[in-house]
Structure formats: structure tokens, C-alpha cells
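Next come the chains, spelled out residue by residue.
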Amino acid sequence: WLKQPSHSSDRPWPSTQRSGRHFLVPLGRCIGELPRKNMTWLLGALVLVLLGCTALAEDGFNAIQGVQTTYKTLTEGTGDAVVEKGDTVTVHATGIVRQTDKKFWSTKDSGQQPFTYTAGGGVITGWDKGAMGMKIGEVRLLMIPAAEGYGANGFPAWGIPKNGDLSFEIEVLTIKGKSATKAKRMADSEQDL
């Protein structure tokens, strides 16, 4: 909302004056008064924002608090153990550069083996935050912006360009740590009943 100027000669929009008081004018009524260049930019930006939000919602991607990385669950996991900070996690992972759609690494390729890391800082930020809360057997697709991947420098040795956005498919194979130990104790106590 915009407040009208006090003098009618100063305002580019019709008066909405009533009882000597000025009222707020809806932004929508004022858009027609913007210079064409500004209006084109504003409408273009609005369309891009709406398309971006719609694409994420339509594709079923979920936001992660505190980061720009998003994820979609492809296969639900099982059990009570979930990836938490400090856990030792073993996964299958496949990484793709989104700009080129080229795979740069996969633990499923010939000669490769599952990858083990420590949750809470053992991998790039987007992967680390995107895998938190996963269960054993769960598969997630992560969309990781460059700033939460390899950043402005990229990782040329792996074919990741400067400011390269990534997608990673992560499958949790094992979790060793707090939640896994707690889940095992709970399962053992249920068997004793």
C-alpha cells in the first residue's frame, strides 16, 4: 500500500480522499502508473518467483530450515534410527552437476564402494543438512545450490564448475551413533516383553 501525497498536483493516481482524510491506495491501482521499464522488470521478477515456488511444490521438494537445499523422499526408510549430528553414516550416493546434467561421482559405479561420513560436518553443507533425519533404507534426492556445495570455486578435478549447483541421490545403508543405539535398546526391550 502506498500513501497518497497531500496535494492533488503531486499525485499520479486518482484521489481517494474522503472527509478531508487521505486513504491508502492499493498497490495494484498504482502499477499502471509505473514507467514501462520498471513494470516489465517487476512483472518478470514476480513470474520467476512464482514459477520457482510452483516448480518446487509440484515436484514435491521439501524445504530444510536454515539452508537453501531442498529434498524429495524417493523411498521411505524403516526403523527408529535417524541420521543425527555425530552419527557415523554409510550411504550410496550419486552426484550430478545440475547445469550440465553430468554425473561426477557415484558409489554404485564399478570399482566404487559405499561412502562413510560423520553427520554434522563430514560432507558439504547441502548433503549434511539434507540427510539429517533419514532412516535406514531411505532414499532422498537433494537439490543443492552452489553455496552449500563446492561454492564459487567449484571442484574442477571432478568436473564441478564454478558456482555449480548439484543434485545428489542419497541412500542410507547404516547409521551408527546415538539414535541407532537408542533404537536398538528400544527394540531389545520390546523383545523382552
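In this text the structure is predicted, and so the values were computed from the model without any measurement.

Draft legend 1. A look at the overall build of the protein chain. Helices and strands together make up the secondary structure of the protein chain, namely four helices and eleven strands. Long-range contacts, defined as pairs at least 24 residues apart, comprise 61% of the intrachain contacts of the protein chain with a sequence gap of at least 6. For the protein chain, the accessible area works out to roughly 12300 Å², and carbon and sulfur atoms hold 54% of it.

Draft legend 2. Representation of the nonpolar core in the model. Judged by nonpolar contacts, the single largest core of 26 residues is most densely connected at Val83, Val91, Tyr117, Trp127, Leu166, Phe168 and Ile170. Elements with a contribution of two residues or more to this core: strand E6 (88-97), strand E7 (102-106), helix H3 (125-131), strand E10 (139-144) and strand E11 (166-176). Per-element tally for this core: the top contributor is E11, with five residues. Leave out the neighbours within four places in its chain, and Phe168 touches Ala93, Thr94, Gly95, Phe104, Trp105, Ile124, Trp127, Arg140, Leu141, Leu142 and Ile144.

Draft legend 3. Geometry of the packing of aromatic side chains. Scanning all chains against the criterion turns up twelve aromatic pairs. Consider the rings of Trp105 and Trp158, whose centres lie 6.0 Å apart with planes at 15°: the pair is stacked. Taken together, the residues span a long stretch of sequence, with Trp105 in strand E7 and Trp158 in the loop between E10 and E11 at a distance of 53 residues. In this structure Trp105 comes out as buried when scored by relative accessible area, which is 15%. Relative accessible area serves as the criterion here: at 35%, Trp158 is assigned to the partly exposed category. Ring-pair connections join several aromatic residues into one group, and the members of that group are Phe104, Trp105, Phe115, Tyr117, Trp127, Tyr150, Phe155, Trp158 and Phe168. Residue placement shows Arg140 over the ring face of Tyr71; its charged tip is 4.0 Å from the ring centre.

Draft legend 4. Layout of the confidence of the model for the protein chain. Averaged over the protein chain, the pLDDT score is 79; the fraction of residues at 70 or greater is 62%. Predicted confidence for residues 47-51 stays below pLDDT 50, and this span has zero contacts to residues more than four positions away or in other chains.

Draft legend 5. Quick peek at the side chain of Glu148. Mapped onto the secondary structure, Glu148 falls in the loop between E10 and E11. No salt bridge is formed by the buried Glu148, whose closest oppositely charged neighbour, Lys129, lies at an N-O distance of 9.4 Å. Beyond its immediate stretch of four places on either side in the chain, Glu148 contacts Val67, Gln68, Thr69, Ile124, Thr125 and Gly126.

Cut-offs applied
- Residues numbered from 1 in each chain as written.
- Predicted model: local features only at pLDDT ≥ 70, side-chain atom pairs only at ≥ 80, totals over all residues.
- Heavy atoms only, no water.
- Helix = DSSP H or I, 4+ residues; strand = E, 2+ residues; numbered from the N terminus.
- Contact = heavy atoms within 4.5 Å.
- Areas by Shrake-Rupley, 256 points an atom, 1.4 Å probe, with all protein chains shown as cover.
- Core = buried A, V, L, I, M, F, W, Y, C linked by side-chain atoms within 4.5 Å.
- Buried < 20%, exposed > 50% of the residue type's maximum accessible area, 1.4 Å probe, protein only.
- Phe/Tyr/Trp six-rings, centres within 6.5 Å; stacked < 30°, edge-to-face > 60°.
- Lys NZ or Arg CZ within 6 Å of the ring centre and 35° of its normal.
- pLDDT = per-residue confidence, 0-100.
- Lys, Arg positive; Asp, Glu negative; His and termini not counted.
- Salt bridge = Lys/Arg side-chain N within 4 Å of Asp/Glu carboxyl O.

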